[in-house]
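# Structural overview for review
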Amino acid sequence: MVTDINYKSAADLKPGEKGIISGFTDSHLSLKLLEMGCLPGTEVQMNYAAPLGDPICIKVAGYNLSLRVDEAAIIILES
Amino acid sequence: MSLKANPRLALLGNPNSGKTSLFNYLTRQHQRTGNFTGVTVDKKIGFCKLNEHMEARVIDLPGAYSIYPHSQDELIVSDLLGCTDSPDYPDMLLVVVDACHIKRSLLLLTEVRDLGFPVVVAITKIDAAAEQGIEIDLTELRRELGLQLMAVNTLTGVGIEDLKYLLSNPRMKKAEPYYDVTELAPELVGQMRENYGWCSSYRCYQMACHYESVKWCGEDDQEFIRSLREECDFDDATTQGKDTIGRYSFIDKVISSAVSYHRKKKRREQFTDTIDRYVTHRYWGFGLLFALFFAIFQSIYFWTAIPGHFIRQGADSFSSYLAEAMTPSVGTDLLVKGLLPAAELLLVVMPQLAILFLCLTLLEESGYMARVAFLTDKIMRRFGMTGKCLMPLLSGVSFESEEICRNSGRRGRFMAFLLHHSARLPLYMLLVALFVPAIPILTVLNLQGIVLMGLYVSGIFISIGVSYLVRVFMNTHGIRSLFMMELPIYCVPTRHSVGAGMYEKFRHFGVEAGKLVLLFLICFVMYNALFGGDLLPVNTALGSKAASESPALGNIISFLIN
């Protein structure tokens, strides 16, 4: 697990922007993300946010996954 | 294990993998729905004739991504697979693998196979996958997994007979686990095996992980496992991550030899993205949601105007015929002024209900309901729920809090009644048919549709509010639900899936709302028979006649009309 505070997370992506998953900050939440196909080394693309800004929709492993911003914030991206 | 004549078969798969369609296809005429032993959520059980001698009892489990429970639904799955004493403990599993999301689907497959169950695999959506440029070599996949496997199509029925053959001849051979968890916690797995005698190391490990949430565990077992975990210094959060990653590396190996990806222009995906741009638009998103439901409630009355007219005329002439033919007595009064209008009311409401159910099923099957959850999650969060909780409320089936309440004593059952939106819906319709005149507003809109939508929306708010209070005061802790969910690609609903969805809703209506509707109708009949029958549907000829005769009701109606 990375403890650096200055990492970029999946919640920081702008619509259309892509990133590669490098790890997670929360081991409990990461389990569910792993099961949904968010594995380290996988590419994620931010699609769009809901009208109220939360949750967001990302493209990962070939499908659209919606998740809350605080759930996306635990996904660390390669810089 | 020898072959039984009536094996118990559990159907497992990811959400939205075509699992329920397969269940409906397999058990076509032999469905029986009922409450599952010990489990709160409505479970579906059906029977499927495999050959002349064998009939399988099929259990349709809720969709799950993994047997590590992260939601109430997944808890049901891990409960059933963990509890060997349960009368529903399956003899074998039929795992549905969605070809479009083969990687994710295989995770669940490897987990349940490693628990030691005989597994047969049904691959669905293979045509859709080919369209997306995903090609699966079934022979290679069969060899890599070492499992019996068949591609099926629940629309055409291709592969179903072969699947039934496989199910009647399951391979019982013991095999090496795909991923051995022993290395993650050798001591723990060894001790668990010694104590419980399970040969699957994965079962030993899984039980040690979920001893607190799984029903199977008694107090003694909990105590034993708790001390064992301390002794072995076992931390399941890290091992679970390693387990999942280990499984995915096995799956990657399988996929690299059995699946090939051709980059293709994905038309359906692009179509979905385009629609989503409007559906989840900052300003139009909620407007569209409102407009859609507004249109549904308007169309209920628009489409039933003509059959409703005939029903009313028929009832009208029948009742005047009866009134003339029979001598006036209490019995005649009861019949003409009580039972007949009640029957008429029911006949008028049924087609309306059918149209509502049809529209809701179409929304569910097309994939729009998932977007509703996406749109409303932030609002629902304020009440301690997720957007997903709104889906069953909108579709008029019972939802999670309600189930929790129903299982927690008498006070809980009362709360469940308050939460019970699905049972109230037909009642709203009866009230609207009874009291709201079908007068046009702005020439095209219908007052009845507007009133019903108002009742429906406020009913949802009541349910949400009560559910919030329940959570605050009754301290009901479930599993912490995460929002993460797939936004599926839009698709045109098939006849079968719409039929099954509507059947399910009508069944629910019969079971849940039937009593309430009956009570309502009895009150209605009694009132009319005892008090001279001035309470009649306002939209009938009888009703308007009564309205002009009875000053009180007439005043209300004329007030409404003017």
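Structure: see above.
A brief report on the enclosed structure follows. (Residues numbered from 1 in each chain as written. Chains lettered and ligands numbered in written order. Predicted model: local features only at pLDDT ≥ 70, side-chain atom pairs only at ≥ 80, totals over all residues. Heavy atoms only, no water.)

Residue and element names in this part refer to chain B. On the surface, Tyr468, Leu469, Val472 and Phe473 cluster together into a nonpolar patch covering about 410 Å² of accessible area. Tracing the backbone shows Phe473 in helix α20 (residues 447-474). Judged by relative accessible area, which is 66%, Phe473 ranks as exposed. (Patch = residues over 30% accessible without salt bridge, like charges linked within 9 Å, V, L, I, M, F, W, Y side chains within 5 Å. Areas by Shrake-Rupley, 256 points an atom, 1.4 Å probe, with all protein chains shown as cover. Salt bridge = Lys/Arg side-chain N within 4 Å of Asp/Glu carboxyl O. Helix = DSSP H or I, 4+ residues; strand = E, 2+ residues; numbered from the N terminus. Buried < 20%, exposed > 50% of the residue type's maximum accessible area, 1.4 Å probe, protein only.)

Moving on: the environment of B:Lys49. Residue and element names in this part refer to chain B. Position of Lys49 among the secondary structure elements: in strand β3 (residues 42-49). Residue classification places Lys49 among the partly exposed positions, given a relative accessible area of 48%. Considered as a pair, Lys49 and Cys83 are 34 residues apart in the sequence and their alpha carbons are 26 Å apart. In contact with Lys49, other than residues within four places in its own chain, are Met54, Glu55 and Lys164. (Contact = heavy atoms within 4.5 Å.)

Residue and element names in this part refer to chain B. Running from N to C, helix α1 (residues 19-26) and helix α6 (residues 160-168) cross one another at 85°; their axes reach a closest spacing of 12 Å. Put simply, α1 runs roughly perpendicular to α6. Residues Leu22, Tyr25 and Leu26 of α1 lie in contact with α6, whose contacting residues are Ile160, Leu163 and Lys164. The residue inventory of the contact of α1 with α6, partitioned by class, reads 5 nonpolar, no polar and 1 charged. (Axes fitted to C-alpha atoms, helices over the stretch in contact; angles between N-to-C directions. Parallel < 35°, antiparallel > 145°, perpendicular 65-115°, else oblique. Nonpolar A, V, L, I, M, F, W, Y, C, P; charged D, E, K, R; others polar.)

On to unusual backbone geometry. Trans peptide bonds make up the majority, and among non-glycine residues the majority have a negative phi. Backbone torsion omega between A:Asp54 and A:Pro55 reads -5°, so that peptide bond is classified as cis. Inspection of the secondary structure puts A:Pro55 in the loop between β3 (43-49) and β4 (56-60). Residue B:Lys125 is not a glycine yet carries a positive backbone phi of 55°. In this structure, B:Lys125 sits in the loop between β6 (119-124) and α4 (126-131). According to the relative accessible area criterion, B:Lys125 is partly exposed, its value standing at 32%.

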